[in-house]
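Report on the structure
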Amino acid sequence: MTPRTPRALAAPSLAAPFTLCGLTLRNRLVATAHATAAVTDGAPTETDAAYWRRLAEGGAGMVITGGTAVAPESTLPQRYLTEAWRPEIKDAVRRRAEAITDGGAVAVAQLVHLGRETLGAGTFYAPVSAAAVRSPREATTPHPLSTEEVRGVVDAFRISAANSVQAGFHGVELHAGHGYLLAQFLSRVNNTRDDEYGDRIALPAQVIDAIRTEIGQLPIGLRVSVEPGEESGLGLDDLIELLPRLCAAAPIAYVNVTTGVRNTYVPGMATTRPPLLESVARIRSAVAVPLLVSQGFRSVADIERALDSGADLVGMARPFMADPDFARKVIAGDERSVRPCTGCNEGCRTFEPTGSCSVNPELGPPGAAARPAIPLLLTRRGARGGPVAVLGAGPAGMECAMALARSGAEVTLFDTARRAGGQARLASLAPHRSGWQKFVDYQRDQLADLGVRVRLGTSPAPDDLAAYAQIVLATGAAEESVHVPGELLTLTSTDFLSRYSDVVPEASGVAVLDDGFGWWQGISAVESALAAGAREVTVITPGTGFATGLSPENRTQLMNRLTGAPLRVVAMSTVTSTTTDGVRLRHVLDGQETHLAADVLVTVGERRPRRPDFAPAAHQTVRAIGDCVVPRRVAHAVAEGRAAAEAVAARLL
Amino acid sequence: MTIRAWAAIRQWAGRPVVLPPEVCACGIGHAGVMRLDDIDRLDRINGINGINGINGINGVDGRGLVGAHQRVSRRRRPDGDRGRPDVACLSPDVGRGRLDFPRWSPDVGCRRLDAARWSPDVVHRRRTSSLGPVD
């Protein structure tokens, strides 16, 4: 095939249909593959089907399901991956495929063999790979597949693809990215074989040919990722060399290009633009087949730019979890109403118990129509109807006010702060945490569009609230000061975030006393101090390490950002007192005391509920939500905001 | 009255909470945890004497709510002493629908604790990658 050059003419808009192997995609937006964990004993559940149905109904042109393994050695002990090689689960898979096609999208099943990547969970079997080359993410070297065993892998993909198509999928996508087995064969570092599979494209080509014998001309897509570091042996230059050769050897319907390997492949808030955006034209020039580019696309401007640079389709996953109606809204020109993915990587990556989303309260666990949430009922009185007052314009209060306004209630939102956002806005003040501000901006814009009265910088007096029969307290939390006796300038992490650019230039050595939970308060204090030019930052923690509360993905990206930074970590220690030039440390095990030079101490204290001293009148029903009940995560705040609105609205009817 | 108490617990435990085994007396590790002062708060919130109303039923310091988990208490204290425990461990049967008590109030609320913050050394988060959404 002749490689295409970048389009010279005007690019199609994201709303334009696209034809793929005779199938019509209603637009250029693709929901890329991910697991839901709503899978029991390897078979998708009703909850799983409902998830994909909702996603397809939101308007994406093509939906690719993920977390589907082709062989037992590629599963996890929890068995939440779909076991595609088993024909007996076909009915469950059919439910999933029908959910997508009923929603109007083209349904594609991504198939994966993890190879040497155990995801850190271990399996019941020995990890396998192209060669005896250890993954940087694993402690041991995998078993190198024999020639005969590789042929078994080919068969596993063939059988799984046949099962998927027979269950109703329009096509399949081979996962040859993220460092999984097919990528291990494509890598010049990991594939050191001297048999026929030493040709790096041989295994993927054989898999494609084998599947073709089962599914005919239905689409077979290929997902690859630009992997970082020389040790991956599969960077952009490698892909530019391999893809034309592979497409010539075994024709595919499309190539889906993303980035990263396990632990780096889910960019957090620090990644604010699509990493591949500048490379689209180069990839386009190398491949003649339809090109799907993924990773980090969040805005219409970036999507259109990718299409303009030569991509045919643009893929996203997390934005569809945050707002399944993403496609419908942006095609209607209503990007402002899209509930944004913040890149927090909290709910969507932890599977507790299934995929959820911090900012989308409608995504609930199995058996629940939404994320479970129970607002705290402080007083219940008999009065019904009338206007509603919400006190506190953080994520909980704004979500509550939005939902109330949508239900037709007359609502006023108060906050003593001059700017909306509460703890989310505070968190966004740190470097690389701007994702929270995106969410605050979204909520603020929605409140304006819904006509909610917002009174910032105002603390309503009891008389001001007399007119409201329904009151919702969403007044958040405040960080407690950690008492450390001594002379050194000592600030809470809240105070430090608010003024670090003023404090740090006067204090070159910054000590951060973490609470041991390894969460963002201490981490953001570190990143803020470094951004402001601190000569040295030292984290002191009674726990066993730094940033231990983060998911592996966020922690890896954090450590990449901190590479080369003057950061020291003193684990299993605490601060007993300060002096004029530093802090006195005590080891929590042996009690040994040492001195650390520092110019300022930042402490991470417990956040305590903050509620107004407010005596409700005889007619007032009062509820409390979010951090002012118990300080937790944004996900709790948003879900309780929504639930409180529903409870209040029920009383208004 | 017991039904009321159970219904309240069930409402409270409707949210999955990962519980560190060293806190969870029963060792099951995925039910809920409630401090006794939260139980007091539950009393106040509900504005009734409901929880106290089952005093003595199970012989746990006059707090039948805790004693409803006799099995748990016994396991935690092999000598059979069901004295006042630090925490109440809710059986997984509660909140999962196996104990089918009638709903008491659609709006019952109480303070919930985030088990992940129970102690610095107990953070029961998944340590694995998940094949969740990437792009």
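Going by the structure above, here's the rest.
Quick caveat: nothing in here was measured; it's all calculated off a predicted structure.

Regarding the overall build of chain B
In terms of regular secondary structure, chain B is built from 4 helices and 2 strands. Reading the helices (α) and strands (β) of chain B from amino to carboxyl end gives α-β-α-α-α-β. A total of about 6,100 Å² of accessible surface is found on chain B, and carbon and sulfur atoms cover 46% of it.

Thoughts on the side chain of S337 of chain A
All names here are of chain A. The residue S337 is located in the loop between α10 (326-331) and α11 (347-350) in this model. Polar side-chain contacts of S337 include one of 2.7 Å to the side chain of D334. Beyond its immediate stretch of four places on either side in the chain, S337 contacts D323, K329, Y442 and Q446.

Some words on the pattern of salt bridges
Residues and elements named next belong to chain A. Per the stated rule, a full pass over the model turns up 42 salt bridges over all chains. R444 is paired through a salt bridge with D445; the nearest N and O atoms lie 3.3 Å apart. Residue class for R444 comes out partly exposed when judged on its relative accessible area of 41%. Classification of D445 as buried rests on a relative accessible area of 18%. R561 is the partner of E527 in a salt bridge, and the nearest nitrogen-oxygen pair spans 2.9 Å. In this pair, E527 sits in helix α17 (residues 520-531) while R561 sits in helix α18 (residues 552-562), placing the two residues 34 residues apart along the sequence. Since its relative accessible area comes to 26%, R561 is described here as partly exposed. Look at the salt bridges and you will find they share partners, linking R116, E117, R137, E138 and R262 into a network.

What to know about the packing of aromatic side chains
Residues and elements named next belong to chain A. Here the structure, examined in full by the defined rule, presents 7 aromatic pairs over all chains. With a centroid separation of 5.7 Å and 70° between ring planes, the pair formed by F320 and F326 is classed as edge-to-face. When sorted by exposure, F320 lands in the same class as F326, which is buried. Ring centres of F496 and Y500 lie 6.2 Å apart, and the angle between their planes is 40°; this geometry places the pair in the tilted category. Here Y500 and F496 lie together in helix α16 (residues 493-503), a separation of 4 residues that amounts to about one turn. Grouping residues by exposure puts F496 and Y500 together as buried. Sitting above the plane of the W520 ring, R433 keeps its charged end 3.7 Å from the centroid. Over the ring of W519 we find R633; its NZ or CZ atom is 3.8 Å from the centre of that ring.

Some remarks on the sheet that holds strand β23 (residues 489-492) of chain A
All names here are of chain A. Spatially, β23-β30-β24-β25-β26 is the arrangement adopted by the 5 strands of the open sheet, whose pairing is parallel. Whereas interior strands pair on both sides, the edge strands pair on one side only; in this sheet they are β23 and β26 (567-570). Averaged over all pairs of adjacent strands, the angle between their axes in this sheet comes to 20°, without regard to strand direction. Here strand β25 (residues 536-540) runs beside β26; their pairing, made up of 4 bridges, is parallel. Within β26, the residue paired with V539 across the bridge is V569.

Overview of the environment of Y197 of chain A
Residue and element names in this part refer to chain A. Along the chain, Y197 turns up in the loop between α4 (181-186) and α5 (202-215). C-alpha separation for the pair Y197 and L186, spaced 11 residues apart in sequence, amounts to 9.7 Å. Leaving out residues up to four positions away in the same chain, Y197 has contacts with T147, V150, R151, F185, N191, A202, L203 and Q206. Here Q206 takes part through its side chain, which lies 2.7 Å from a polar atom of the side chain of Y197.

What about the pairing of strand β32 (residues 621-624) of chain A?
Residue and element names in this part refer to chain A. Residues of β32 alternate between two faces, with T621 and R623 on one and V622 and A624 on the opposite face, all of them buried. Summarising the sheet, strand β17 (residues 376-379) and β32 pair through 3 bridges and their orientation is antiparallel. Bridge pairing in β32 places L376 opposite A624. Where strand β21 (residues 470-473) and β32 come together, 4 bridges link them in parallel fashion. The residue of β32 that forms the bridge with L473 is A624.

What to know about the packing of α17 of chain A against α18 of chain A
Residues and elements named next belong to chain A. It is the contact of α17 with α18, at a shortest axis distance of 12 Å, that shows an interaxial angle of 20°. Between α17 and α18, the interaxial angle falls into the category roughly parallel. When you trace α17 past α18, the crossing you get is left-handed. Contact residues: α17 offers W520, I523, E527 and L530, while α18 offers N554, L558, R561 and L562. Residue classes in the contact of α17 with α18 are distributed as 5 nonpolar, 1 polar and 2 charged.

Topic: the environment of E553 of chain A
All names here are of chain A. Position of E553 among the secondary structure elements: in helix α18. In this structure E553 comes out as buried when scored by relative accessible area, which is 1%. Taking the C-alpha atoms as reference, E553 lies 7.4 Å from Y265; in sequence the two are 288 residues apart.

So, α17 of chain A
Since the α-helix turns once every 3.6 residues, residues separated by three or four places project in the same direction. Residue and element names in this part refer to chain A. Between the first and last C-alpha of α17 there are 16 Å, a value that for 12 residues agrees with the 16 Å anticipated at 1.5 Å per step. With 11 of 12 residues buried, α17 is to be regarded as a mostly interior element. Regarding α17, the residues found buried are W520, Q521, G522, I523, S524, A525, V526, E527, S528, A529 and L530. Immediately downstream of α17, the backbone of G533 shows phi near 100°, a positive value.

Focus on helix α3 (residues 147-166) of chain A
Residue and element names in this part refer to chain A. Over its 20 residues, α3 runs 29 Å from end to end, which matches the ideal 28 Å to within 8%, given 1.5 Å per residue. Looking only at α3, the buried set comprises V150, V153, V154, A156, F157, S160, A161, A162, N163, S164 and V165. Those residues of α3 that are buried lie in contact with β7 (68-69), α2 (90-102), β9 (106-111), β12 (171-176), α4 and α5.

Each value, and the rule that gives it
- Residues numbered from 1 in each chain as written.
- Chains lettered and ligands numbered in written order.
- Predicted model: local features only at pLDDT ≥ 70, side-chain atom pairs only at ≥ 80, totals over all residues.
- Heavy atoms only, no water.
- Helix = DSSP H or I, 4+ residues; strand = E, 2+ residues; numbered from the N terminus.
- Areas by Shrake-Rupley, 256 points an atom, 1.4 Å probe, with all protein chains shown as cover.
- Polar contact = N/O pair within 3.5 Å; in protein donor to acceptor, adjacent residues only side chain to side chain.
- Contact = heavy atoms within 4.5 Å.
- Salt bridge = Lys/Arg side-chain N within 4 Å of Asp/Glu carboxyl O.
- Buried < 20%, exposed > 50% of the residue type's maximum accessible area, 1.4 Å probe, protein only.
- Phe/Tyr/Trp six-rings, centres within 6.5 Å; stacked < 30°, edge-to-face > 60°.
- Lys NZ or Arg CZ within 6 Å of the ring centre and 35° of its normal.
- Pairing = 2+ DSSP bridges.
- Axes fitted to C-alpha atoms, helices over the stretch in contact; angles between N-to-C directions.
- Parallel < 35°, antiparallel > 145°, perpendicular 65-115°, else oblique.
- Left-handed = near helix turned anticlockwise from the far one by under 90°.
- Nonpolar A, V, L, I, M, F, W, Y, C, P; charged D, E, K, R; others polar.
- Expected span 1.5 Å × (residues − 1).

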